[in-house]
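# Structural overview
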Amino acid sequence: MGIAEFFQHLMNGLTLGGIYALIALGYTMVYGILKFINFAHGDVLMVGAYIGLFLFDWLRGDSPLGLWTLVAFFLAMIISMGFSAAIGMFIERVAYKPLRKATRLAPLLSAIGVSFILSNGAAWAFGTHSRKFNYPFDNSAIHLGEVVITPHQILILVVSLVMMIILKIFVDKTRMGKAMRATSLDQGTAMLMGISVNRVISMTFAIGSALAAVGGILIALDFKVYATMGTMMGLKAFVAAVVGGIGNISGAMFGGILLGILETFGVAVFGIPTGLKDTIAFGVLILILLLKPEGLFGKVEKEKV
Amino acid sequence: MFNFFLLILIYSGIYALMALGQNIITGYGGLLSLTQAGFFAIGSYATAILTTRFGWSFWATLPAALILSAFFGLLIGLPTLRLKGDYLAIATLGFGEIVRNVLNNWDSVTRGPMGIQRIPMPDLFGFTINPYKKYAFLVMVFIFVGIAYFIFQRLARSRMGRALSAVREDEIAAQSMGINITTYKVFAFILGASVAGLAGSLQAVFSLSVTPGTYTFMVSVMVLCMVVLGGMGNFKASILGAFIIQLISYFPQLTGLSSVIPPQFKQILFGLILVVMMIWRPQGLLGREETRYGKKVAKSRKGGAQ
């Protein structure tokens with residue numbers, strides 16, 4: 001493998017990983033606070049992608065590629081983020097909140113139900129065929145020496161990086177972020193300190209879902225939008241979250257990027273057939289669970305009696 | 001029409017087997033497994049490949065299907081069950097997708113998306129169990145359901161069942177009572193997997209062909225729905241749940257409304273069942289079954305000291 005080829009795969013891996021990271025953040029934040037896997041997260045991503053697609057097509061109208069299409073794309077993305085955040089909060093309110101004191105199994109089962117309702121509802125409402133996202137700008141490849149980069153990849157990298165930085169600042173510096181960290185450490189004590197835990201949980205779902213919507217739109221640029229697109233994406237993003245140490249925000253970012261790179265190199269270098277590309281994430285999950293179940297950056301949690 | 005009803009009954013039986021398996025994992029062990037479809041597929045393909053390619057009889061493929069699914073159950077169960085139960089859900093969800101992926105892509109063995117056709121009908125002492133004449137097949141399926149029910153019922157009341165319930169209620173307490181929690185969890189998971197493999201075997205000789213499209217995630221969710229609707233920790237309820245879910249699933253065809261009702265109707269309904277049951281009736285329609293032992297203890301406590 002030449003150096004150029006190496007950078008090519010690295011670039012492809014980074015873009016894919018950036019998307020995984022965005023989605024993984026939603027899993028990890030919810031897990032950090034509620035200690036449960038939100039199975040519907042992948043389907044929120046799908047809904048976000050659909051909203052983005054429809055909005056963008058509507059905003060763009062017949063205008064040729066240019067500044068307006070780019071603006072329209074970002075507008076569509078921001079509005080879709082808002083909608084998805086509302087959907088995420090709504091789901092939490094209706095399907096998870098009543099189960100907060102129930103057995104461990106109850107919210108998981110409820111989440112699977114929500115996931116099924118969303119994906120099949122979308123198939124019913126939007127049809128089972130897949131749709132193509134219209135390009136917001138000219139996507140002809142840029143050659144940097146032997147490395148080929150598409151403008152989409154640049155967009156994906158920039159957007160996911162910006163989103164992650166904003167999130168990091170939000171969680172580390174703002175009052176709400178502090179409340180979130182406190183809640184994830186100890187809900188009871190956080191409540192005693194005057195933190196409205198319900199609001200924090202709502203906010204967590206809103207942020208996670210908004211990031212998922214961004215992830216969904218970014219994938220849709222290069223792949224297609226269809227009702228079950230969230231299942232595999234969600235699964236991989238979850239693996240990314242586990243790799244980074246579930247509950248750990250920076251870990252999820254790192255895990256996503258690592259998984260993206262592993263997948264690209266697995267196919268390109270180790271000759272894993274493309275049809276079995278999806279098995280790589282699964283293999284990574286089993287490996288990490290066997291070797292380092294708390295993830296690369298996770299803390300070993302002692303269970304208290 | 002009546003014939004159609006028989007078909008629903010046969011499918012109820014096949015799914016009831018899977019639901020029994022899911023119940024021992026989820027209802028007794030308190031573990032969420034999302035891959036009955038994966039083991040179902042493994043069982044089906046084991047029977048399909050062994051009968052068509054190697055000329056085995058259906059009866060010889062049954063134990064093979066069982067053992068193969070059990071083996072895969074062990075393979076996923078061991079790494080994930082050592083940890084908190086949540087990981088099992090994701091690992092099994094992934095496993096189900098991987099199985100379908102492999103079936104779709106491993107052309108030389110599974111013939112990819114085309115699937116395997118012309119699976120021979122099973123026969124017993126010269127009598128062919130023809131799936132088109134549904135009675136004999138129905139009887140066969142329900143004999144299997146009966147056997148599985150009996151075995152599971154006995155197991156649930158044995159040391160294993162009690163140990164599993166203990167693990168479900170409180171892992172740490174169970175552990176400190178000397179119960180090896182991983183062993184019991186893995187054992188429950190393997191049992192559930194193998195009975196799903198058996199169901200797969202039956203499915204293969206019922207439809208006489210297998211294609212990867214049959215074994216989607218929806219199958220796993222349907223099975224989960226059966227258990228949740230009937231009642232977790234109650235084997236009778238799983239069989240009832242299987243019947244109700246199959247009725248719902250064939251409701252459009254049964255009433256001749258399939259042109260009016262969208263095909264996603266039943267899936268959306270399954271999702272709703274899960275959410276609604278969890279919020280309003282988490283114990284299911286029939287509720288958890290008290291073992292005779294548990295009742296006796298309760299009675300002797302009420303009777304007071306002698």
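Residues numbered from 1 in each chain as written. Chains lettered and ligands numbered in written order. Predicted model: local features only at pLDDT ≥ 70, side-chain atom pairs only at ≥ 80, totals over all residues.

Moving on, we come to the overall build of chain B. A tally of regular secondary structure across chain B gives 14 helices and two strands. At 20 Å, chain B has a C-alpha radius of gyration in line with the 19 Å of a compact globule built from 306 residues. With the C-alpha coordinates of chain B rotated into their principal frame, the extents come out at 65 × 40 × 40 Å. Here chain B, with 306 residues, has 50% of them falling under the buried criterion. (Helix = DSSP H or I, 4+ residues; strand = E, 2+ residues; numbered from the N terminus. Rg over C-alpha atoms; globule rule 2.2 N^0.38 Å. Buried ≥ 20, exposed ≤ 12 C-beta atoms within 10 Å, placed from the backbone.)

A tally of helices and strands in chain A yields eleven helices and four strands. A compact globule built from 305 residues should have a C-alpha radius of gyration of about 19 Å, and chain A, at 19 Å, falls within 12% of that. Its C-alpha atoms put chain A at 60 × 45 × 40 Å along the principal axes. Across the 305 residues of chain A, 50% fall into the buried class. Taking the contacts inside chain A whose residues are at least 6 apart along the sequence as the reference set, 77% of them involve residues at least 24 apart. (Contact = placed C-beta atoms within 7 Å.)

Residue and element names in this part refer to chain B. For helix α2 (residues 36-54), which comprises 19 residues, the first-to-last C-alpha distance of 26 Å matches the rise-based estimate of 27 Å (1.5 Å per residue) to within 8%. Within α2, 16 of the 19 residues are buried, leaving the element largely enclosed by the surrounding structure. Immediately downstream of α2, the backbone of Gly55 shows phi near 70°, a positive value. (Expected span 1.5 Å × (residues − 1).)

Ranked by internal contacts, the top residues of the largest apolar core, which has 198 residues, are Leu17 and Cys225 of chain B. Here Leu17 of chain B is in contact with Phe144, Val145, Ala148, Val195, Leu198 and Ala199 of chain B, once residues within four sequence places are set aside. (Core = buried A, V, L, I, M, F, W, Y, C linked by C-beta atoms within 7 Å.)

The parts lose accessible area when they come together, and the size of an interface is often stated as this lost area. Listed per partner, the contact involves 36 residues of chain A and 33 residues of chain B. Put simply, the parts of the chain that give the side of chain A that touches chain B at least two residues each are α4 (105-126), α9 (229-244) and α11 (277-291) of chain A. When its residues are assigned to classes, the side of chain A that touches chain B shows 27 nonpolar, seven polar and two charged. (Nonpolar A, V, L, I, M, F, W, Y, C, P; charged D, E, K, R; others polar.)

Before going further, it helps to spend a moment on the environment of Ser201 of chain B. Residues and elements named next belong to chain B. Looking at the secondary structure, you find Ser201 in helix α9 (residues 181-207). The spacing of Ser201 and Ala41 is 160 residues in sequence and 8.6 Å in space, taken between C-alpha atoms. Not counting the four nearest positions on each side in its chain, Ser201 is found in contact with Gly43, Ser44, Ala46, Thr47, Thr61, Leu62 and Ala65.

Note that Asp186 of chain A resides in the loop between α6 (175-185) and α7 (187-192). Between the C-alpha atom of Asp186 of chain A and that of Ile33 of chain A, which follows or precedes it by 153 residues, the distance is 8.7 Å.

Take the confidence of the model for chain B next. On average, residues of chain B score 85 in pLDDT, and 94% of them reach the 70 mark or higher. Complex prediction metrics read pTM 0.87 and ipTM 0.86. (pLDDT = per-residue confidence, 0-100.)

We now examine unusual backbone geometry. Residues and elements named next belong to chain B. Backbone geometry at Arg111 places phi at a positive 60°, although glycine is not the residue there. Overall, Arg111 belongs to the partly exposed group, with 18 C-beta atoms counted inside 10 Å. Phi is positive for Arg118, close to 55°, though the residue is something other than glycine. Take Arg118: there are 9 C-beta atoms within 10 Å of it, and that puts it in the exposed class.

Turning our eyes to something else, we now look at the confidence of the model for chain A. A residue-level look at chain A finds 98% of positions with pLDDT of 70 or above and a mean pLDDT of 88. The least confident element of chain A, judged by mean pLDDT, is α11 of chain A at 82; the most confident is helix α3 (residues 67-96) of chain A at 93.

The next point concerns α4 of chain A. One turn of an α-helix holds 3.6 residues; hence residues three or four places apart share an orientation. All names here are of chain A. Between its first and last C-alpha atoms α4 spans 32 Å; for 22 residues at 1.5 Å apiece the expected length is 32 Å, and the two agree. Counting buried positions along α4 yields 18 of 22 residues, so the element is predominantly enclosed. One or two positions beyond α4, positive phi appears at Gly127, with a value near 90°.

Working note: a packed helix pair is described by the angle between its axes plus the distance between those axes. Residues and elements named next belong to chain A. Contact pair helix α10 (residues 249-268) / α11: the axes reach a minimum separation of 9 Å and the direction vectors enclose 130°. Comparing the axis directions of α10 and α11 gives the class oblique. Crossing hand, α10 versus α11: right-handed. From α10, Leu259, Leu262, Glu263, Gly266 and Val267 reach across to α11, where they touch Lys277, Ile280, Ala281 and Val284. Looking at side-chain class alone, the contact of α10 with α11 contains six nonpolar, one polar and two charged residues. (Axes fitted to C-alpha atoms, helices over the stretch in contact; angles between N-to-C directions. Parallel < 35°, antiparallel > 145°, perpendicular 65-115°, else oblique. Left-handed = near helix turned anticlockwise from the far one by under 90°.)

This part takes up the environment of Gly216 of chain A. Residue and element names in this part refer to chain A. Mapped onto the fold, Gly216 is located in helix α8 (residues 197-222). Take Gly216: there are 31 C-beta atoms within 10 Å of it, and that puts it in the buried class. In sequence terms Gly216 and Arg93 are 123 residues apart; their C-alpha atoms lie 23 Å from each other. In contact with Gly216, not counting residues within four places along its chain, are Leu45, Met46, Gly48, Ala49 and Gly52.

Moving on, we come to the packing of helix α10 (residues 217-230) of chain B against helix α11 (residues 235-249) of chain B. Residues and elements named next belong to chain B. Packing of α10 against α11 leaves a shortest axis separation of 7 Å and a crossing angle of 120°. If you check the angle between α10 and α11, you find them oblique. Between α10 and α11 lies a crossing whose hand is right-handed. Counted together, Met222, Cys225, Met226, Val227, Leu229 and Gly230 of α10 and Ala237, Ser238, Leu240, Gly241, Ala242, Ile244 and Ile245 of α11 form the full contact between these two elements. Of the residues that constitute the contact of α10 with α11, the class distribution is ten nonpolar, three polar and no charged.

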